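Listed here are the chains, written in short residue letters.
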Amino acid sequence: MKNAAEISAQNIKEIVLTGVNIGDYGKGEFGNKKHEHTFYELVQALDKVEGIERLRISSIEPNLLRNETIEFVSQSRTFVPHFHIPLQSGSDDILKLMRRRYLRNVYTERVAKIREVMPHACIGVDVIVGFPGETDEHFLETYNFLNELEISYLHVFTYSERDNTPAAEMPGAVPANVRAKRSKMLRGLSVKKRRAFYESQIGTTRTVLFEGENKEGYIHGFTENYVKVKAPWNPELVNTLHEVTLTKIDEDGLVRFNFVNEPVLA
């Protein structure tokens, strides 16, 4: 909590919770293998820290994202409706080879729960292609699973061998050109998913936090549910929150908007 308060004091308006197995927060503290604290308790405590405008949960594995956390976020003062949840594969066979602690039915359940309490939420997915043993059938399982799932975008990673890892010794290496083809297919699916999500948000009123970089005469920002917007560069907008109505998607695939009354926060 001290770190969060210190960050807030520096006029930083958004904090992203990320890392390796963040849902295991509190496990192993003080040499104890059991949880002294839980991720849910962390989320509850952070929501009470004064001065923080936004908190995002990123890179939390589906087995560690509990329904109680999802429900809390849906009613939170500061946590926003955006989750980034690693999947890695839509094939249970490959998930087992990867030694993941979940199967795809768990992922389906988490997405369904988020959609139930936050229909407008943004859901991002990490996925790996070309893991040893991934056949064409396994890859199509992943592609079809993600195509049918109500998610918003993908981060696609192409498997690459690393020395001294169990995977590097596994049989069934996928040729590099096949890995590249599969990666391209999933990136194309990500473009389709993001576009559909953005289109679903047109006409809604959201709050945008603007960033500080001048990119070719434009300033960019993100809504609470992670829709990326753009507007002509205006330094007065940097690090400010504004209520806007999303109006259209431009040629770059970003969203244009109209301001609603006065800034929510400046």
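This text goes with the structure placed above it.
The rules behind these values
- Residues numbered from 1 in each chain as written.
- Predicted model: local features only at pLDDT ≥ 70, side-chain atom pairs only at ≥ 80, totals over all residues.
- Heavy atoms only, no water.
- Phe/Tyr/Trp six-rings, centres within 6.5 Å; stacked < 30°, edge-to-face > 60°.
- Helix = DSSP H or I, 4+ residues; strand = E, 2+ residues; numbered from the N terminus.
- Buried < 20%, exposed > 50% of the residue type's maximum accessible area, 1.4 Å probe, protein only.
- Lys NZ or Arg CZ within 6 Å of the ring centre and 35° of its normal.
- Axes fitted to C-alpha atoms, helices over the stretch in contact; angles between N-to-C directions.
- Parallel < 35°, antiparallel > 145°, perpendicular 65-115°, else oblique.
- Contact = heavy atoms within 4.5 Å.
- Nonpolar A, V, L, I, M, F, W, Y, C, P; charged D, E, K, R; others polar.
- Left-handed = near helix turned anticlockwise from the far one by under 90°.
- Expected span 1.5 Å × (residues − 1).
- Core = buried A, V, L, I, M, F, W, Y, C linked by side-chain atoms within 4.5 Å.
- Pairing = 2+ DSSP bridges.
- Right-handed = clockwise from strand over helix to strand, strands pointing away.

J.: Would you mind going over the packing of aromatic side chains with me for this structure?
T.: Summed over all chains, the structure comprises nine aromatic pairs. A centroid spacing of 6.0 Å and a plane angle of 35° characterise the contact between Tyr 153 and Tyr 226, whose relative ring orientation is tilted. Of this pair, Tyr 153 sits in strand β5 (residues 153-158) while Tyr 226 sits in the loop between β7 (218-223) and β8 (228-232), placing them 73 residues apart in sequence. Relative to Phe 257, the ring of Phe 210 lies with its centre 5.9 Å away and its plane at 50°, an arrangement referred to as tilted. You can see Phe 210 sitting in strand β6 (residues 205-210) and its partner Phe 257 sitting in strand β10 (residues 255-259), a full 47 residues away along the chain. The class of Phe 257 is buried, set by a relative accessible area of 13%. Put simply, the rings of Tyr 153, Phe 222 and Tyr 226 pair up and form one aromatic cluster. One Lys or Arg, Lys 230, reaches over the ring of Tyr 218 and ends 4.1 Å from the middle of that ring.

J.: It is not clear to me how the packing of helix α6 (residues 136-148) against helix α7 (residues 176-201) should be interpreted in this structure. Could you clarify?
T.: Packed helices, taken two at a time, are described by the angle their axes make and the gap between the axes. Direction vectors running N to C along α6 and α7 enclose 5°, while the axes themselves pass 11 Å from each other. Accordingly, the angle class assigned to the pair α6 and α7 is roughly parallel. Packed against α6, whose contacting residues are Asp 136, Phe 139, Tyr 143, Leu 146, Asn 147 and Glu 148, the element α7 presents Arg 182, Met 185, Leu 186, Leu 189, Lys 192 and Lys 193 at the interface. For the contact of α6 with α7, the residue count by class is six nonpolar, one polar and five charged.

J.: I tried to follow the packing of helix α2 (residues 39-46) against helix α3 (residues 67-74) on my own but got confused; where do I start?
T.: For the pair α2 and α3, interaxial distance at closest approach is 9 Å and the crossing angle is 15°. Relative to α3, α2 is oriented roughly parallel. Handedness of the α2/α3 crossing: left-handed. Across the interface between the two elements, Phe 39, Tyr 40, Val 43 and Gln 44 from α2 touch Glu 68, Thr 69 and Phe 72 from α3. Residue classes in the contact of α2 with α3 are distributed as four nonpolar, two polar and one charged.

J.: Hey, could you run me through the environment of Gly 217 in this one?
T.: By secondary structure assignment, the location of Gly 217 is in the loop between β6 and β7. Residues Gly 217 and Trp 233, spaced 16 residues apart in sequence, show a C-alpha to C-alpha distance of 5.2 Å. Among all residues touching Gly 217, those that are not within four sequence positions of it are Ala 231, Pro 232 and Trp 233.

J.: What's the story with helix α5 (residues 104-117) in this structure? I'm lost.
T.: Residue pairs spaced three or four apart in an α-helix point in one direction, given the helix's 3.6 residues per turn. The end-to-end C-alpha distance of α5 is 21 Å, a good match for the 20 Å that 14 residues give at a rise of 1.5 Å each. Here α5 has its buried residues at Val 106, Tyr 107, Arg 110, Val 111, Lys 113, Ile 114 and Arg 115. Among the structural elements, α3, β3 (79-88), β4 (122-129) and α6 are those in contact with the buried residues of α5.

J.: Looking at this model, I keep getting lost on the nonpolar core. Mind explaining?
T.: Side chains of a nonpolar character, in soluble globular proteins, are inclined to be buried together. Core analysis: the largest hydrophobic core is formed by 39 residues, its most contacted members being Ile 57, Ile 114 and Leu 186. Leaving out residues up to four positions away in the same chain, Leu 186 has contacts with Val 127, Val 129, Phe 139, Tyr 143, Leu 146, Leu 154 and Val 156. By size, the runner-up hydrophobic cluster in this structure holds 16 residues, among which are Tyr 153, Ile 219, Ala 231 and Ile 249.

J.: Would you mind going over the pairing of strand β2 (residues 54-58) with me for this structure?
T.: Residues in a regular strand project their side chains so that they alternate between the two faces of the sheet. Of all five residues in β2, five are buried; the element is thus mostly enclosed. Here β2 shows a buried face lined by Arg 54, Arg 56 and Ser 58 and a second buried face lined by Leu 55 and Ile 57. Where strand β1 (residues 14-17) and β2 come together, four bridges link them in parallel fashion. Bridge pairing in β2 places Ile 15 opposite Leu 55. Taken together, β2, α3 and β3 constitute a β-α-β crossover, and its handedness is right-handed.

J.: I would appreciate a short explanation of the environment of Arg 187 in the present structure.
T.: Looking at where Arg 187 falls in the secondary structure, it is placed in helix α7. The class for Arg 187 is partly exposed, based on a relative accessible area of 43%.

J.: Is there a simple way to think about the sheet that holds β3 in this case?
T.: The strands that make up a sheet are held in pairs by hydrogen bonds between backbone atoms, and each pair lies either parallel or antiparallel. The five strands are arranged β1-β2-β3-β4-β5 in an open sheet whose pairing can be described as parallel. Either end of the sheet is taken by a strand with one partner, and the two such strands are β1 and β5. Pairs of neighbouring strands in the sheet enclose a mean axial angle of 15°, with direction left out of account. Sheet contacts for α2: β1, β2 and β3; angle to β2, the most-contacted strand, approximately 165°.

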